[in-house]
Amino acid sequence: MDRDKIYERVVELVRPLSKNRTAVENISEDTSILEDLQVNSARLVDLILAFEDEFNIEVDDDAADSVKTIGDAVDMLAKQLG
């Protein structure tokens, strides 16, 4: 799966978890999941689980901890899928 498709899926998965609708409309790879999108830590766990289900992968704790921005998520998933 190419990076653009991963990015699109990440955005689709994070959109319903965000409390900041304005940030969702202006999302980019630099968008912070916790700060900009106001996804709380419990919802971040849900997002990681959604990544696992969507991409049929397992995300270890170190990889999950590295996900701070949309770009981080795309990088982590691209590496896992690579």
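None of these values were measured; they are calculated from a predicted model. Sequence order sets the numbering: in each chain, residues are counted from 1 along the sequence as written. Only residues with pLDDT of at least 70 are given local features in this predicted model, and only at 80 or more are side-chain atom pairs given and counted; all residues enter the totals for whole chains, interfaces and linings. Note: side-chain values were computed over all heavy atoms of the structure, leaving out hydrogens and water.

1. Let's talk about the side chain of Ser32
Right, on to step 1. Numbering of helices and strands starts at the N terminus; helices are DSSP runs of H or I of at least 4 residues and strands are runs of E of at least 2. Looking at the element boundaries, Ser32 is found in the loop between α2 (21-25) and α3 (41-55).
Right, on to step 2. A polar contact is formed between the side chain of Ser32 and the backbone nitrogen of Glu35, at a distance of 3.0 Å. Whenever a nitrogen or oxygen atom comes within 3.5 Å of another N or O atom, the pair is scored as a polar contact, on the condition that within protein one atom can donate a hydrogen and the other can accept it, and that pairs from neighbouring residues in sequence are kept only if both atoms are in side chains.

2. Side note on α3
Right, on to step 1. The span expected for a helix works out to 1.5 Å for each residue beyond the first. With 15 residues, α3 should cover 21 Å at 1.5 Å per step; its first-to-last C-alpha distance of 21 Å lies within 8% of that length.
Right, on to step 2. Of all the positions in α3, only Leu44, Leu47, Ile48, Phe51, Glu52 and Phe55 are classed as buried. Projection of α3 onto a plane perpendicular to its axis shows the buried side chains occupying an angular sector of 140 degrees, all on one side. Within α3, the exposed residues directed more than 90 degrees away from the buried face are Ala42 and Asp53.
Right, on to step 3. The contact criterion used throughout is that any non-hydrogen atoms of two residues lie within 4.5 Å. On its buried side, α3 packs onto α1 (3-14), α4 (61-65) and α5 (70-81).
Right, on to step 4. Where α3 begins, one side-chain oxygen reaches toward the backbone nitrogen of Ala42, 3.2 Å away; that side chain belongs to Asn40.
Right, on to step 5. Immediately downstream of α3, the backbone of Asn56 shows phi near 55 degrees, a positive value. When accessible area is computed with a 1.4 Å probe and restricted to protein chains, residues below 20% of their type maximum are described as buried, those above 50% as exposed, and intermediate ones as partly exposed. The arc in question is the one traced by the directions running from the helix axis out to the C-beta atoms.

3. So, the side chain of Glu52
Right, on to step 1. Within the secondary structure, Glu52 is located in helix α3.
Right, on to step 2. In this charge count, Lys and Arg are treated as positive and Asp and Glu as negative; neither His nor the chain ends contribute. What makes a salt bridge here is a side-chain nitrogen of Lys or Arg within 4 Å of a carboxyl oxygen of Asp or Glu, nothing more. The charged side chain of Glu52 is buried without a salt bridge, its nearest counter-charge being Arg9 at 14 Å.
Right, on to step 3. A distance of 2.8 Å separates a polar atom in the side chain of Glu52 from the backbone nitrogen of Val59.
Right, on to step 4. When neighbours within four sequence positions are excluded, Glu52 is seen to be in contact with Ile57, Glu58 and Val59.

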